[in-house]
Amino acid sequence: MHAALSEISLLLADESATGHLAAALAPCVGPGFVVFLSGDLGTGKTAFTRALLRALGHTGRVRSPTFTLAEPYNLSRFDLYHFDFYRFSNENEWRDAGFEESIGGDCAAVVEWPELAGPGLPAPDLWLRLRTAGDDASSRIVDVLAHSVRGQTCLSALSDTLARAAPAGVGCWAPSAPPSSA
Ligand SMILES: Nc1ncnc2c1ncn2[C@@H]1O[C@H](COP(=O)(O)OP(=O)(O)O)[C@@H](O)[C@H]1O
Ligand SMILES: [Mg+2]
C-alpha cells in the first residue's frame, strides 16, 4: 500500500499560476475545511485566497483582512472566514477576538499568519508555505502540506490533476533540482 501523500512542492510561475492552484484545490474546500497560509508579506497569501473565493463562486470584492482580522463570505453551500493574524502580538488574541467558534466548526477557514496565533489553533487540513523563487519577481515556490486525512485526499486529487493536465505555469519543484516552470 502507498503511504498517504502528505506534501507536494510546486513552482508557480506567476500570479495566474497561483490562481490555478487555488482553483485546483477549491473542490476540496467545504464546511469545516481549514487552510493555513504561511509566507512573508507579498508572497501571495491574499492573492491565493482571492482566487480560491472566486473558484468557490464569490463574485464580489475580496479585501485583505490585515486590519479587520477577519472577513466573512457567504458562499452558496457554506460560509468561509478569511483571517489574517499578522497584527497579533500574543497567542491568545485570536481567542480574545472570539474566533474560536469560526475555525474548525461548520465554516471553512483560510488563515494568513497562523503561526502568530500559537499552538492552540486547531490543526489545518492543508498548510501552504509560500516563498519567492530567486530573482524572478513573479515566481513563487509553494509547499502544500496535508495535516489531516481530508487534506491527504485533497493532495492526492491535486497530484492526479497535475499528472493529467498541469495548469499553465504550475510545475513540480523538487528541492534538489533547480526551479523549472511547466
Ligand atoms: N506567483 C504569484 N503569486 C501570487 N502573487 C504574486 C505572484 N507574483 C506576483 N505576485 C504579486 O505579489 C503580491 C502578493 O500580495 P498578497 O497576496 O497581498 O501577499 P500576502 O497576502 O502574502 O502579503 C501581489 O501584488 C501579486 O500581484
Ligand atoms: Mg495578505
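This is a predicted model, so every value here is computed, not measured.

(A) Quick look at the overall build of the protein. Tallying secondary structure elements over the protein gives four helices and eight strands in all. Helices (α) and strands (β) of the protein occur, in sequence order from the N terminus, as β-α-β-α-β-β-α-β-β-β-α-β. The principal-axis extents of the C-alpha atoms in the protein amount to approximately 45 × 40 × 35 Å. The 182 residues of the protein split such that 49% are buried. Expressed as a percentage of contacts within the protein between residues at least 6 apart in sequence, the contacts between residues at least 24 apart total 66%. In the structure as shown, the protein presents an accessible area of about 9,000 Å², 52% of it carried by carbon and sulfur atoms.

(B) Highlighting the pairing of strand 7 (residues 140-146). The buried fraction of strand 7 is high, at seven of seven residues. Examined bridge by bridge, strand 6 (residues 126-132) and strand 7 share seven bridges and lie antiparallel to one another. Directly across from Leu130, in strand 7, lies its bridge partner Val142.

(C) Main features of the state of the cysteines. Tallied over the entire structure, the rule returns one disulfide. The residue that forms a disulfide with Cys28 is Cys154, at a sulfur-sulfur distance of 2.2 Å. For the disulfide bridge between Cys28 and Cys154, the dihedral angle about the S-S bond is near 95°, and by the sign convention the bridge is right-handed. Remark: Cys154 occurs in helix 4 (residues 149-165) and Cys28 occurs in the loop between helix 1 (15-25) and strand 2 (34-38); sequence separation between them is 126 residues.

(D) Representation of the pattern of salt bridges. The full count for this structure, using the stated rule, is three salt bridges. Taking the shortest distance from any N to any O, the salt bridge between Asp143 and Arg131 comes out at 2.9 Å. Taken together, the residues Asp143 in strand 7 and Arg131 in strand 6 connect sequence positions twelve residues apart.

Procedures and definitions
- Sequence positions are assigned chain by chain, starting from 1 and proceeding in written order.
- Written order determines the labels here, with chains lettered from A and ligands numbered from 1.
- The predicted nature of this model means local features are confined to residues of pLDDT at least 70 and side-chain atom pairs, given and counted, to a pLDDT of 80 or more, with totals for whole chains, interfaces and linings taken over all residues.
- In computing side-chain values, all of the structure's heavy atoms are included and hydrogens and water are not.
- Secondary structure counts use DSSP, requiring at least four H or I residues in a row for a helix and at least two E residues in a row for a strand, with both numbered from the N terminus.
- A 1.4 Å probe rolled over the protein chains alone gives each residue an accessible area, and that area as a share of the maximum for its type sets the label: buried under 20%, exposed over 50%, partly exposed in between.
- By the convention used here, residues are in contact when the closest approach between their heavy atoms is within 4.5 Å.
- Residue exposure ignores everything except the shown protein chains as possible cover, and the areas themselves are Shrake-Rupley values with a 1.4 Å probe.
- One requirement defines pairing of two strands: DSSP has to find at least two bridges between them.
- Our working definition of a disulfide is a cysteine sulfur pair at a distance within 2.5 Å.
- In the sections that follow, a salt bridge refers to a side-chain nitrogen of Lys or Arg positioned within 4 Å of a carboxyl oxygen of Asp or Glu.

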